Amino acid sequence: MTGQLIHLNTAGAGLMPAAVSTAMADCLAREAATGGYETELHHDEVLQHDVYRRLGRVLGADADDLALFDSATRAWWRVVSRLDLGPDDLIWVTPYEYAGSLIGYFNLRDRTGCTIETIPLRPDGNLDLDWMAAHLSDRVALVSVTHVPSGCGIVNPVAEIGRLLAPYRARYAVDACQAVGQLPLDVAEIGCDLLTGAGRKFLCGPRGSGFAYTTPELRAALLPDFTDLHVARVSSPTAVTVHERSARTLELGERSTAVVLGLHAALGHHLELAEEGRAFPRKDVVEALHACVAGLPGAELLAPGTQQSGILSFRHASLSAEQVRDGLAARGINGWKISGDHTPLYLSARGVDTAVRLSVHHYTSLEDVEALGRALHGLR
Ligand SMILES: Cc1ncc(COP(=O)(O)O)c(C=O)c1O
């Protein structure tokens with residue numbers, strides 16, 4: 001808890017620690033006083049190296065395999081849009097896919113003639129890994145798994161899926177937008193070719209920050225695309241030389257120095273908390289959140305699957321999601337109204353138009369959840 005506010009909307013954007021807002025404010029002040037390019041030069045080591053190294057420590061990745069963007073979607077589409085797909089190829093998605101990614105996959109399908117299939121769920125809401133094992137073949141060109149979906153808190157078994165896929169040609173893309181910062185992540189253990197995320201959620205970094213991890217093999221197989229001046233130069237009147245092999249080739253040169261410095265500070269803060277064993281939502285707090293909402297008369301939990309994260313969504317029999325969000329806000333608690341069509345293959349498919357999403361983080365205490373319980377019971 002920060003001051004009087006109880007922030008249960010980290011799945012929207014986490015509360016930035018002071019180190020982040022200070023780094024950003026200092027940067028803007030320095031830019032105004034000394035110039036934007038001069039400020040960039042001043043922070044050169046952090047901007048060109050340290051921020052990638054810190055992100056690498058969070059993800060278990062080599063700094064050369066990381067690229068920064070202004071959103072998770074931009075990071076993801078910069079790679080996925082360049083996959084070399086054709087009419088014989090299959091893309092597998094899960095019912096927990098983020099709607100923005102589905103739009104991209106539909107676009108790819110219309111452009112390349114590939115087919116999209118949805119991995120089924122077992123009755124308990126877990127992904128049906130037996131179905132995957134039985135149907136996997138080298139026709140599957142891409143498997144896309146959302147680690148923790150936007151609209152409900154299931155934690156999908158990304159490492160187990162990685163092991164299933166390993167003998168096949170399928171590329172493996174993991175959307176870790178809601179996972180990074182709230183669960184330990186290791187790209188080698190997951191065995192993915194692509195992992196994307198945002199800085200603003202459980203990493204508590206600034207808005208307008210995102211990243212992609214890609215393997216060198218995946219980058220080498222991408223269809224050619226524009227490469228910006230920070231990694232390439234026009235070496236003759238008709239030719240370009242790319243002087244970089246790292247994932248930086250996916251980026252554009254221009255970006256907000258303040259945002260990158262803010263992300264750097266957020267990663268540092270996260271790593272410090274991780275060393276002290278308190279970077280992630282506490283298990284007892286997650287359990288208390290579930291018990292609190294389950295005990296609310298009229299609440300229907302949207303919590304499929306065995307393993308739950310710090311995100312919990314629910315519908316109320318007589319109160320709209322908007323009424324719950326606004327009622328909580330009036331009591332100093334941030335919750336959020338979500339649209340089912342942001343996770344359409346799961347929520348819309350079950351007739352959920354809107355729901356309330358509550359998300360806890362390392363800064364949420366049991367007392368906060370107790371206060372939530374009192375506030376929820378007081379809503380009319
Ligand atoms: C699971 C998931 N994937 C992807 C995204 C897209 O992230 P961004 O808004 O940074 O593009 C979100 C955003 O909420 C999300 O929850």
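Everything numeric here is computed off the predicted structure, so don't read it as measured data. (Residues numbered from 1 in each chain as written. Predicted model: local features only at pLDDT ≥ 70, side-chain atom pairs only at ≥ 80, totals over all residues. Heavy atoms only, no water.)

### Things to note about unusual backbone geometry
Within the chain, C204 stands out as a residue other than glycine whose phi angle is a positive 60°. Looking at where C204 falls in the secondary structure, it is placed in the loop between strand 7 (194-198) and strand 8 (210-214). (Helix = DSSP H or I, 4+ residues; strand = E, 2+ residues; numbered from the N terminus.)

### A few points about helix 7 (residues 158-165)
Of the positions making up helix 7, those classed as buried are V158, A159, I161, G162 and L165. Looking straight down helix 7, one finds its buried side chains confined to an arc of 160°; they lie on one side. Check the buried side of helix 7 and you find it contacts helix 6 (129-135), strand 5 (140-146), strand 6 (171-175) and helix 8 (187-190). (Buried < 20%, exposed > 50% of the residue type's maximum accessible area, 1.4 Å probe, protein only. Arc of directions from axis to C-beta. Contact = heavy atoms within 4.5 Å.)

### Comments concerning the pairing of strand 15 (residues 354-359)
The buried fraction of strand 15 is high, at 5 of 6 residues. One ladder, built from 4 bridges, connects strand 12 (residues 311-316) with strand 15; its direction is antiparallel. Bridge pairing links L312 to L358 in strand 15. Of the strand pairs in this sheet, strand 14 (residues 336-339) and strand 15 are connected by 4 bridges, and their pairing is antiparallel. Bridging across to strand 15, K337 finds its partner in V356. (Pairing = 2+ DSSP bridges.)

### A short note on the state of the cysteines
Covalent bonding between the sulfur atoms of two cysteines is what defines a disulfide. Across all of its chains, the model carries 0 disulfides by this definition. Note on C192: no disulfide assigned, nearest cysteine sulfur contributed by C177 at a separation of 14 Å. The class of C192 is buried, set by a relative accessible area of 4%. (Disulfide = S-S within 2.5 Å.)

### A few points about the sheet that holds strand 11 (residues 299-302)
The 4 strands lie next to each other as 11-12-15-14, forming an open sheet whose pairing is antiparallel. Pairing within the sheet leaves two strands with one partner each, and these edge strands are strand 11 and strand 14. Mean inter-strand twist for the sheet, computed between neighbouring axes without regard to direction, equals 40°. (Axes fitted to C-alpha atoms, helices over the stretch in contact; angles between N-to-C directions.)

### Considering the nonpolar core
L59, V143, Y172 and L195 are the most contacted members of the largest nonpolar core, which totals 64 residues. Per-element accounting of this core gives the leading share, 9 residues, to helix 10 (residues 257-275). Taken domain by domain, the makeup of this core includes at least three residues from each of domain 1 (6-15 + 279-378) and domain 2 (18-274). (Core = buried A, V, L, I, M, F, W, Y, C linked by side-chain atoms within 4.5 Å. Domains from an automatic or database assignment.)

### Brief notes about the site of the ligand
Contacts to the ligand come from 13 residues, most closely from A72, T73, D175, Q178 and R200. Measuring from a nitrogen atom of the ligand, one finds a side-chain N or O atom of D175 at 2.6 Å. A distance of 2.8 Å separates an oxygen atom of the ligand from a polar atom in the side chain of R200. (Near = heavy atom within 4 Å. Polar contact = N/O pair within 3.5 Å; in protein donor to acceptor, adjacent residues only side chain to side chain.)

### As for the pattern of salt bridges
The tally for this structure, following the rule as stated, stands at 17 salt bridges. A salt bridge links E275 to R57; the shortest N-O distance between them is 3.6 Å. With a gap of 218 residues between them, E275 in helix 10 and R57 in helix 3 (residues 44-59) connect regions that are remote in the sequence. The pair formed by E275 and R57 is uniform in burial state, with each residue classed as exposed. Salt bridges here are not isolated pairs; linked through shared partners, they connect E45, D50 and R53. (Salt bridge = Lys/Arg side-chain N within 4 Å of Asp/Glu carboxyl O.)

### Description of the packing of helix 4 (residues 72-80) against helix 5 (residues 99-112)
The interhelical angle for the contact between helix 4 and helix 5, taken along N-to-C directions, is 20°, at an axis separation of 11 Å. Comparing the axis directions of helix 4 and helix 5 gives the class roughly parallel. For the element pair helix 4 and helix 5, the recorded crossing hand is right-handed. Where helix 4 abuts helix 5, its residues W76, W77 and V80 lie against G100, S101, G104, Y105, N107, L108 and R111. (Parallel < 35°, antiparallel > 145°, perpendicular 65-115°, else oblique. Left-handed = near helix turned anticlockwise from the far one by under 90°.)

Purely geometric stuff here, so don't read any function into it on its own.
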